[in-house]
Amino acid sequence: VDAVREENARFTPDREILSAIQTAYEVTPSTGAARTRPWPTPNNALQGECRRLSKARGWTLEKLREASALDPGTADKAEPAWFLRAMLKGDLVCVGTGVSKFTTAPLGDIADQLRLYEFVVPSAMSALEGKRKSDGEMSAHTLDNTGPRQNIVVEFDSGTPDEQAARHIWLSEFRKLRMVVFSGSKSLHGWYAAQGEADDRKFMEEAVRLGGDPKTWLKSQFVRLPNGQREDGTIQRVEFFDA
């Protein structure tokens, strides 16, 4: 074995080692500035392996529903505020009836109205308002007034409901799956427990390889409110819950 290692050994340039360190730490060593790493492209081989396993193990939307801590027949009757109290650590929430119609308020003040809302920031807010990056003006929905990341939401736009459910089951073997919300249209949004920025980023990259949309990585990004409703009245029902 040692002989094979010596034969296959090669000189590793300093720049290659430095590049590996830069990628690992996501900073530029000379300045310490944060680096923006591009998202990976969807991986057909990985998605194919997920489909293979899903067939072998019976990963379907019904299988996901059966694993829920809530009875699938009554889950859609739970109030949105009940889910938010379970999923968020903190009283301030940002919700919207549209992407440009939103408010940040104590959950208790708006709990009775939430059935009419469509969107929510999947982390508690740190203040009622923050500065917008675009113009510095104050707003109720900004990255500036979003608190620490509490959940990572993964959205799949492609595939059948069973195929999307299988991808969430696959990801749940790497990170705790806390909730799955039907968008009311064609996608299943999975809420996963956040653990720390570096590990969370690696997890999100795995989700993107499976076909997940990276836009939900933005901490302040609106996602579908559990058991809220779309503008057309369709309920964004909770398909799985295990907070």
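Everything that follows concerns the structure shown earlier in this document.
Residues numbered from 1 in each chain as written. Predicted model: local features only at pLDDT ≥ 70, side-chain atom pairs only at ≥ 80, totals over all residues. Heavy atoms only, no water.

(A) Quick peek at the pattern of salt bridges. With the rule as written, the count across this model stands at 15 salt bridges. Asp242 is the salt-bridge partner of Lys176, the closest N and O atoms lying 3.5 Å from each other. With a gap of 66 residues between them, Lys176 in the loop between helix H7 (161–171) and strand E7 (177–182) and Asp242 in the segment after strand E10 (238–241) connect regions that are remote in the sequence. The class of Asp242 is partly exposed, set by a relative accessible area of 33%. The partner of Arg201 in a salt bridge is Glu205, and the shortest N-O contact between them spans 3.0 Å. Taken together, the residues Arg201 and Glu205, both in helix H8 (residues 197–209) and 4 residues apart, mark about one turn of the helix. Take Arg201 and Glu205: they sit in the same class, and that class is buried. Several salt bridges converge on common partners, so that one network encompasses Glu62, Arg65, Arg237 and Glu239. (Salt bridge = Lys/Arg side-chain N within 4 Å of Asp/Glu carboxyl O. Helix = DSSP H or I, 4+ residues; strand = E, 2+ residues; numbered from the N terminus. Buried < 20%, exposed > 50% of the residue type's maximum accessible area, 1.4 Å probe, protein only.)

(B) Representation of the sheet that holds strand E6 (residues 151–156) in the model. A sheet is described by the order of its strands in space; here 4 strands give the open sequence E6-E8-E7-E10, paired in antiparallel fashion. Strand pairing shows two members of the sheet lacking a second neighbour, E6 and E10, which therefore form its edges. Neighbour-to-neighbour, the strand axes of the sheet open up by a mean angle of 15 degrees, direction not taken into account. Note that E7 and strand E8 (residues 188–193) share 5 bridges and pair antiparallel. Residue Met179 lies in a different strand from E8, and its bridge partner there is Trp191. Contacts between helix H5 (residues 80–87) and the sheet are confined to E6, E7, E8 and E10, with E10 contributing the most and set at about 30 degrees to the helix. (Pairing = 2+ DSSP bridges. Axes fitted to C-alpha atoms, helices over the stretch in contact; angles between N-to-C directions. Contact = heavy atoms within 4.5 Å.)

(C) The arrangement of the sheet that holds strand E2 (residues 101–106) in detail. Pairing within the open sheet is antiparallel, and its 4 strands lie in the order E2-E1-E3-E9. Edge strands, defined here as strands with exactly one partner in the open sheet, are E2 and strand E9 (223–224).

(D) Local environment of the pairing of E2. In the sheet, strand E1 (residues 92–98) pairs with E2 via 6 bridges, with the strands oriented antiparallel. Note that in E2 the partner of Val93 across the bridge is Ala105.

(E) Region of interest: the side chain of Ser139. As for its position among the elements, Ser139 is in strand E5 (residues 138–139). A polar atom in the side chain of Ser139 sits 3.2 Å from the backbone nitrogen of His141. Once you skip the residues sitting within four places of it in the chain, Ser139 turns out to touch Phe102, Leu128, Glu129, Gly130, Arg132 and Asn145. (Polar contact = N/O pair within 3.5 Å; in protein donor to acceptor, adjacent residues only side chain to side chain.)

(F) View of H5. Looking at H5, one finds that the buried residues are Pro80, Ala81, Phe83, Leu84 and Met87. Buried residues of H5 fall within an arc of 160 degrees about the axis and therefore sit on the same side. Each element contacted by the buried residues of H5 is listed here: helix H6 (107–110), strand E3 (119–120), E6, E7, E8 and E10. (Arc of directions from axis to C-beta.)

(G) Focus on helix H3 (residues 44–57). Its 14 residues give H3 an end-to-end C-alpha distance of 20 Å, which sits within 8% of 20 Å, the value for a rise of 1.5 Å per residue. All of the buried residues in H3 are Leu46, Gln47, Cys50, Leu53 and Ser54. An end-on view of H3 places all buried positions within 120 degrees of arc, on one side of the element. For H3, exposure combined with an orientation more than 90 degrees from the buried face picks out Asn44, Ala45, Lys55 and Ala56. Looking at the buried side of H3, the elements it contacts are H7 and H8. Capping the start of H3 is the job of one residue whose side-chain oxygen sits 3.0 Å from the backbone nitrogen of Ala45: Asn43. (Expected span 1.5 Å × (residues − 1).)

(H) Just the packing of aromatic side chains, in detail. Taken as a whole and judged by the stated rule, the model has 8 aromatic pairs. Where Trp82 meets Phe241, the ring centres are 5.2 Å apart and the plane angle is 50 degrees; that geometry is what we call tilted. On the criterion of sequence distance, the pair formed by Trp82 in helix H5 and Phe241 in strand E10 is long-range, its members being 159 residues apart. Between Trp170 and Phe174, the aromatic rings sit 6.5 Å apart at their centres with planes inclined by 40 degrees, giving tilted as the arrangement. The aromatic ring of Phe156 is capped on one face by Arg167, whose charged end is 5.3 Å from the ring centroid. Over the ring of Trp39 we find Arg201; its NZ or CZ atom is 3.7 Å from the centre of that ring. (Phe/Tyr/Trp six-rings, centres within 6.5 Å; stacked < 30°, edge-to-face > 60°. Lys NZ or Arg CZ within 6 Å of the ring centre and 35° of its normal.)

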